[in-house]
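Single-letter residue listing:
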Amino acid sequence: MPILVSGSIAVDHIMVFRDRFQTHIQPETIHVLNVAFHVPEMRKSWGGCGANVAFHLNQLGERPILLGAVGAGFEEYAEWMDRHGLARDHVLELSDTFTASCFSTTDLDDNQITAVHPGAMDRAHEARVDAVRGAFDWGIVSPNGKEAMIQNARALKARGKQTVVDPGQGIPIFEPAELTEFVEGAALFIVNDYE
C-alpha cells in the first residue's frame, strides 16, 4: 500500500567552509555582524524533507505519493525525479514563485549556518490531501510550509490514516498550542536530540 509523503521539495546548495565559524564570529561584536565565508566548493542536490523521504521509500521498493509544491526552476529536478521513478502526480507546480532553495554552509567542527528561501513551499497548502487519488494507509507530514503541515496532519488524522509527524526544522514556526495539536493523535512523532 502506498505511503503519502507531505513535505518540502527544494534545491539544496551545500558548501563547506574550510575553517571554523568561531574564528570569524566574535561574540563582542555580534550586534554588528558582517562576515563572509569563502567556500570554493559547492554541491547542488535535489532535496527537501518530503522529497528526500519519498526518494528513500522509493529506493526501498515502496511507491510513495509525494504531496508538495514547487515553482520556477523545477525542470531539471523534475527530470531527475522521472529518471528515478519518483511520481510527481501530486506535486503542485506554481509559475509565479521559485522552487524552495536551501543554502547550507558547514564548518570544520560540523557547525552549520543555513538560509532557506521557502518560495513555493509557503503555498504547499494548495496541494491538498483530499485531492490525492488512490489508496494509502499511512501518511507522513514532514517540514513544509506551516499551513500545509497543520492542514495535512488534520486531514490525515480525520481520515483515520496512520500519521507520522516529523516537524524537524519547522518546530520554531509553531505556537505551543499548534504544536500540541499537530502531534496529538499521531501514530509516530519524530524529533532528533537538538529538536
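Since we're looking at a predicted model, the values are computed, not measured.

Strand order in the open sheet formed by 4 strands is β3-β2-β6-β7, and the pairing between neighbours is mixed. Of all the strands in the sheet, the pair left with one neighbour each is β3 (42-47) and β7 (112-117). If you compare each strand with its neighbour and ignore which way they point, the axes differ by 20° on average. Relative to β3, strand β2 (residues 10-16) runs antiparallel, the two sharing 6 bridges.

The subject of this paragraph is the sheet that holds strand β8 (residues 138-141). Judged by pairing direction, the sheet is parallel, and its 6 strands sit side by side in the order β5-β4-β1-β8-β9-β10 without closing on themselves. Looking at which strands have only one partner, the edges of the open sheet turn out to be β5 (91-98) and β10 (188-189). With 4 bridges joining them, strand β1 (residues 3-6) and β8 adopt parallel strand pairing. Residue pairing across strands places Ile 3 opposite Trp 138, the latter belonging to β8.

On to the environment of Gly 168, then. With respect to the helices and strands, Gly 168 occurs in the loop between β9 (162-165) and α5 (176-183). Judged by its relative accessible area of 4%, Gly 168 is buried. The spacing of Gly 168 and Val 32 is 136 residues in sequence and 30 Å in space, taken between C-alpha atoms.

All right, on to the environment of Ser 95 then. Among the secondary structure elements, Ser 95 is positioned in strand β5. A C-alpha to C-alpha distance of 32 Å links Ser 95 and Leu 60, two positions 35 residues apart in sequence.

Okay, the packing of aromatic side chains next. What the rule picks out here adds up to 8 aromatic pairs. Arranged with centres 5.5 Å apart and planes meeting at 45°, the rings of Phe 74 and Tyr 77 form a pair that is tilted. For the pair formed by Phe 74 and Tyr 77, the shared burial category is buried. Ring pairs connect the aromatic residues Trp 46, Phe 55, Phe 74, Tyr 77 and Trp 80, which therefore count as one cluster.

What counts, and at which threshold
Each chain carries its own residue numbering, running from 1 in the written order of its sequence. Residues qualify for local features only when their pLDDT is at least 70, as the model is predicted, and side-chain atom pairs are given and counted only at 80 or more; totals for whole chains, interfaces and linings, by contrast, use all residues. Where side-chain values are given, they derive from all heavy atoms of the structure, hydrogens and water being excluded. Two strands make a pair as long as DSSP finds a minimum of two bridges between them. To qualify as a helix, a DSSP run of H or I must reach at least 4 residues; to qualify as a strand, a run of E must reach at least 2; elements of each kind are numbered from the N terminus. Between N-to-C directions, angles span 0 to 180 degrees; the directions come from axes that are lines fitted to C-alpha atoms, helices contributing only their stretch in contact. Partly exposed residues are those whose accessible area sits between 20% and 50% of the maximum for their type, while under 20% is buried and over 50% is exposed, using a 1.4 Å probe and protein chains only. Aromatic rings from Phe, Tyr and Trp, with only the six-membered ring used for Trp, were paired whenever their centres fell within 6.5 Å, and each pair was classed as stacked if the ring planes differed by under 30 degrees, edge-to-face if by over 60, and tilted otherwise.

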